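# A structural walkthrough
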Amino acid sequence: FPISKYIHAPDGDAQIPSTLQRIYIKDLNHDSQCTDKYVKGTVIMKHNLIALTRGEDMLKAVIEEHAHQHAKLSETTSINVFSFGKLAKDFSDKINQGDTIVITGFRLGMSPTVNKDKRHLCQIELEERRATIYVCPAAFSGQSSSNPKPKYTYVPLNELKPGEVANVYGIVTFFKQPFQTKGTDYCLVLTITDESGVKLGCSIFNEKLEALPQIYKIGDIVRFHRIKSLLFNSKLSGMTSLGFSALTFDGRVGTPVCPRTSSKTYHFGEEDRRIVEKLRQWAATIYPNLEISLATVQPKSFFDLTCQLLAKAEISRACVLLKVWDGTKCPHRLLKILVEPSAIEGNMAAIQDLQDLIVEILVYDNHVEVAKKLKPGMYLRIYNLHAKLQASGTKEQTSNECHLGFHLHGGTSYGRGIKVLPEDSSDVQELKKALESANPEDTMDDLTLLNACCTSAIENSLNAELSPYQEDPLTGGFAVLTCHHTVKSDLLSNVKNSTPPQKFHIKAKLKSYQPDKLYQSVKLYCPKCKRVQEIPDDETIGSLFQEALNLPVLSSDSWYETFLWESSTDVGRKVAVHFVNVLGSEEHLLTLVQGATLEEVCRLSTKFESIIPIKFSEDQMTLLDLSAPFLIQGKKWSYGCKHCSCVKNIGLYLEQEMVWEPENTAEETVLGVELLQYVFLMKFELDDGTASLDAILWEDAEKFFQMLPVEVMVNRAMQEKMQMTMATLCPPGKHFDELPWLEFCIGTYTTDENEDRSVYYQIFDTMVAEKL
DNA sequence: TTAGGGTTTG
């Protein structure tokens with residue numbers, strides 16, 4: 001009885017309603033009136049069930065009409081049939097290759113593959129609601145068919161006789177990619193074996209490349225009709241003879257028994273299915289599944305890889321670089337190949353998202369021609385890929401450390417080559433599942449989490465949980481991590497198209513930064529008026545000291561002790577040094593200096609902890625112009641804001657406020673001076689291949705470098721550390737492709753001052769993690 | 001007719 005609209009009809013056409021009329025496939029065209037018609041044909045090809053993105057199943061099959069008496073050679077009698085929904089599932093489960101089916105309630109569409117498959121101009125589309133399929137299984141159709149099918153016998157390989165033509169089944173133990181012969185044909189060279197244990201080397205010729213048997217991998221099963229046995233080098237070998245035809249099957253137990261063939265018609269019945277299943281079982285015991293993935297590949301080995309191409313680049317006339325992935329992570333340190341970014345063709349966004357899952361393959365010589373024709377997105381099988389341990393690649397990869405490089409060497413020995421796998425092959429279906437489950441796109445798309453992570457309250461706990469140390473495979477030293485680096489990263493193009501204010505997690509390269517002189521990245525900032533200013537240069541400061549040289553020198557007072565020195569450079573000039581003993585402690589000695597040059601103050605600062613340069617003006621002790629440092633503590637010079645400070649008689653202040661400790665610079669105001677803070681301010685040019693933008697490193701810069709700007713000012717080691725950090729993040733003299741990928745959090749914002757509402761980008765919540 | 005397997009040295 002009918003299940004859905006699939007009807008089992010072993011008695012041929014008997015169940016077809018008499019109101020329906022047969023329409024021959026050759027007579028179908030897009031104007032055909034189909035409502036009261038049916039099409040009858042034999043299933044000559046059945047593809048795997050495919051789940052469409054909208055959740056519905058789809059199945060493609062090809063049916064062919066039995067050639068009838070008046071058929072002309074030019075007439076197309078095979079047509080593609082697409083069934084959808086439950087009908088597709090039924091088709092997959094219950095209809096086999098070789099079955100005869102009757103289709104009603106179909107719709108006709110134009111076949112988009114007509115140029116490729118040379119089948120009917122139209123395709124038949126079967127929807128669950130309207131269509132009905134009547135099935136006459138192959139086992140019965142033979143009885144009702146007017147053309148009795150030839151009976152094939154298959155000869156075990158050990159029983160083949162030289163000079164004889166036979167039909168054989170076998171398992172592929174070796175094959176080479178088809179190639180053009182010196183004659184007129186293409187040639188496929190392969191070796192097959194069967195349960196007899198005998199191996200038969202075969203040469204299959206055809207003038208059309210696509211007409212040769214489609215072998216995807218060792219272990220595939222072939223069925224050859226009319227293969228001729230010949231003696232060559234005293235061994236038996238097989239060769240195509242007149243009328244040769246072939247079917248190929250996946251050799252793995254459990255995969256659909258679905259023949260691949262270029263034959264327009266062929267016989268495939270239950271007996272054949274049984275033979276294939278039996279061969280599969282046998283092969284499974286002798287050739288265990290040795291599929292190798294990027295996760296399991298052993299260095300110094302040759303292997304076959306099923307993968308998807310993401311990008312490619314021509315390195316030279318004899319070498320092409322392929323960037324591929326198979327959804328697994330290669331645990332080895334990988335060789336990095338340097339390429340001009342402009343030379344890369346492919347999906348840059350995918351390359352970014354999948355960085356650690358991508359491997360690079362160098363393809364040489366005869367394979368270059370094939371590689372050039374490949375398109376990113378294609379599914380490939382690469383045969384005899386060499387996983388080679390290599391001493392060094394780029395300059396970063398030091399020569400004493402080995403990296404794993406993947407090479408497809410020139411030549412065809414050991415079956416070396418590349419094959420594009422069709423999307424409906426079981427290998428690709430399996431690969432796609434692996435890719436889908438590995439792609440962070442699908443698993444980490446939680447913007448809510450991203451936003452939550454960016455609030456400072458949660459940030460600390462997250463920072464504590466996540467390991468800040470992640471070795472960058474390229475640099476081996478540094479990586480920039482964020483507090484939420486597990487969240488999916490966004491593309492810069494998206495960031496640029498967004499409406500501010502928003503926060504993003506991005507992966508990008510640091511193309512350049514400003515200022516390039518790192519000491520210039522430290523600035524002075526007034527927390528009160530929010531002004532940022534450059535640190536005055538020594539020349540400017542020196543002239544301010546110079547101006548105050550010839551003012552009268554202060555006489556002694558009770559709260560300090562004065563010493564006078566004769567200047568060593570200017571005859572007759574006196575330098576006054578007043579020691580203020582704060583809280584009677586030697587350690588907190590405050591030194592007021594008067595009438596000294598900058599150079600002299602610097603020399604004094606090596607001896608005395610805290611120096612305040614002063615001058616006398618209108619009988620009051622006051623500071624020099626605030627463009628000069630008002631407090632000098634060794635190399636640490638403190639400045640005040642010219643706009644916000646209110647400096648009057650500092651003598652009065654110092655006399656009364658003896659408890660002031662110059663060490664304590666956390667105070668915002670001392671001596672009426674609004675203290676300026678040392679801050680980092682840098683501009684990073686970030687680029688991820690989709691866009692580039694300038695982001696400032698400002699409010700979170702101390703966290704980023706894990707250094708204080710003032711330390712960078714005074715400490716040579718810190719300067720070197722910062723220099724090294726920047727050289728790691730943005731190695732000088734490198735091409736874009738060689739730059740390391742870095743992760744950043746960036747925020748977009750506009751400012752009120754800006755009338756044009758320009759968008760700014762700022763780096764936040766990001767820090768440089770140093771390798772332990 | 002043709003090809004008839006057996007690792008680059010990047």
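Quick notes on the rules
- Residues numbered from 1 in each chain as written.
- Chains lettered and ligands numbered in written order.
- Predicted model: local features only at pLDDT ≥ 70, side-chain atom pairs only at ≥ 80, totals over all residues.
- Heavy atoms only, no water.
- Helix = DSSP H or I, 4+ residues; strand = E, 2+ residues; numbered from the N terminus.
- Buried < 20%, exposed > 50% of the residue type's maximum accessible area, 1.4 Å probe, protein only.
- Contact = heavy atoms within 4.5 Å.
- Areas by Shrake-Rupley, 256 points an atom, 1.4 Å probe, with all protein chains shown as cover.
- Expected span 1.5 Å × (residues − 1).
- Pairing = 2+ DSSP bridges.
- Core = buried A, V, L, I, M, F, W, Y, C linked by side-chain atoms within 4.5 Å.
- Domains from an automatic or database assignment.
- pLDDT = per-residue confidence, 0-100.
- Lys, Arg positive; Asp, Glu negative; His and termini not counted.
- Salt bridge = Lys/Arg side-chain N within 4 Å of Asp/Glu carboxyl O.
- Polar contact = N/O pair within 3.5 Å; in protein donor to acceptor, adjacent residues only side chain to side chain.
- Near = heavy atom within 4 Å.
- Nonpolar A, V, L, I, M, F, W, Y, C, P; charged D, E, K, R; others polar.
- Axes fitted to C-alpha atoms, helices over the stretch in contact; angles between N-to-C directions.
- Phe/Tyr/Trp six-rings, centres within 6.5 Å; stacked < 30°, edge-to-face > 60°.
- Lys NZ or Arg CZ within 6 Å of the ring centre and 35° of its normal.

Right, let's talk about the overall build of chain A for a bit. Counting secondary structure elements, chain A contains 17 helices and 42 strands. Relative to its full complement of 772 residues, chain A shows a buried share of 49%. Sequence separation of 24 or more characterises 65% of the internal contacts of chain A that already satisfy a separation of 6 or more. Element-wise, carbon and sulfur atoms account for 52% of the exposed surface of chain A, whose accessible area totals about 37900 Å².

So, on to helix α7 (residues 426-438). Between the first and last C-alpha of α7 there are 18 Å, a value that for 13 residues agrees with the 18 Å anticipated at 1.5 Å per step. Along α7, the residues that are buried comprise S426, D427, V428, L431 and L435. Looking at the buried residues of α7, the elements they touch are β17 (301-316), β18 (319-325) and β21 (379-390).

Our next topic: the sheet that holds strand β26 (residues 522-525). Taken in spatial order, the three strands of this open sheet run β27-β26-β37, and their pairing is antiparallel. Each edge of the open sheet is held by one strand with a lone partner, namely β27 (532-533) and β37 (677-680). Judged from the four bridges that link them, β26 and β37 form a sheet pairing that is antiparallel. Residue pairing for β37: K523 is matched across the bridge by V679.

In terms of nonpolar packing, the biggest core is built from 59 residues, with F684, L686 and I746 touching the most fellow members. Looking at which element gives the most residues to this core, the answer is strand β25 (residues 502-514), with five residues. Of the residues that make up this core, three or more belong to each of domain 4 (479-521 + 680-768) and domain 5 (534-673). Sequence-distant contacts of L686, that is, excluding residues within four places in its chain, are made with L492, I506, A508, K509, L510, A691, S692, L693, A695, F744 and I746. One finds C34, V81, F91 and F106 within the second-largest nonpolar core, a separate group that totals 25 residues.

This paragraph deals with the environment of D619. Mapping D619 onto the fold places it in the loop between β31 (610-617) and β32 (620-623). Judged by its relative accessible area of 76%, D619 is exposed. Sequence separation of D619 and N649 is 30 residues, and the distance between their C-alpha atoms is 9.1 Å.

Looking along the chain, the bond that leaves P500 and enters P501 is cis, with omega of 0°. In this fold, P501 is placed in the loop between α11 (492-496) and β25. One non-glycine residue, N233, adopts positive backbone phi at about 55°. Along the chain, N233 falls in the loop between β15 (221-232) and β16 (235-249). The exposure class of N233 is exposed, given its relative accessible area of 61%. In this model, Y414 sits at a positive phi of 60°, which is unusual for a non-glycine residue. Assignment of secondary structure puts Y414 in the loop between β22 (403-408) and β23 (417-420). A relative accessible area of 69% means that Y414 is categorised as exposed.

Next up on the list: the confidence of the model for chain A. On average, residues of chain A score 82 in pLDDT, and 83% of them are at 70 or above. The model gives residues 441-486 a pLDDT under 50, and that stretch makes 98 contacts with residues more than four places away or in other chains.

This part covers the side chain of R416. Along the chain, the position of R416 falls in the loop between β22 and β23. Lacking a salt bridge, the buried R416 has D365 as its closest oppositely charged neighbour, with an N-O distance of 7.7 Å. Here S413 takes part through its side chain, which lies 3.2 Å from a polar atom of the side chain of R416. If we skip the residues at most four places from it in the chain, R416 touches H367, Y383, N384, L408, H409, G410 and G411.

As for its placement among the helices and strands, V253 is situated in the loop between β16 and α4 (270-286). Assessed through its relative accessible area of 43%, V253 is described here as partly exposed. Here the alpha-carbon distance between V253 and V276, two residues 23 residues apart in the chain, equals 9.5 Å. Excluding anything up to four places from it in sequence, V253 contacts R280, Q281 and A284.

This paragraph deals with the protein's contact with DNA strand B. As a matter of local geometry, DNA strand B sits amid 27 residues, with K176, D365, N384, H409 and G410 nearest to it. Among the atoms of DNA strand B lying within 4 Å of the protein, the sugar-phosphate backbone contributes 35%. Side-chain polar atom of T184 to a base nitrogen of DNA strand B: 2.9 Å apart, as the coordinates give it. Along the lines of polarity and charge, the residues of the surface near DNA strand B split into 10 nonpolar, 11 polar and six charged.

Let us look at the sheet that holds strand β39 (residues 692-697). Spatial strand order, β25-β38-β39-β41-β40: five strands in a closed barrel with mixed pairing. Direction aside, neighbouring strands of the sheet carry axes that sit 55° apart on average.

Attention now goes to the pattern of salt bridges. According to the stated counting rule, one finds 35 salt bridges in the structure shown. Among the salt bridges present, the one from D36 reaches K37, with a minimum N-O distance of 3.5 Å. On the basis of relative accessibility, which here comes to 34%, the residue D36 falls in the partly exposed class. Note on K37: relative accessible area 16%, which makes it buried. Here R252 and D250 are joined by a salt bridge, their closest N and O atoms 2.9 Å apart.

This brings us to the packing of aromatic side chains. This structure, assessed with the given rule, holds 14 aromatic pairs. Between F563 and F579, the ring centres sit 5.4 Å apart and the planes meet at 65°, which makes this aromatic pair edge-to-face. In this pair, F563 is assigned in strand β28 (residues 561-566) and F579 in strand β29 (residues 574-581), connecting sequence segments 16 residues apart. Classification of F563 as partly exposed rests on a relative accessible area of 37%. On the basis of relative accessible area, F579 is assigned to the buried category, the value being 14%. The residue whose ring lies beneath K509 is F736, and the NZ or CZ to ring-centre distance is 5.0 Å.

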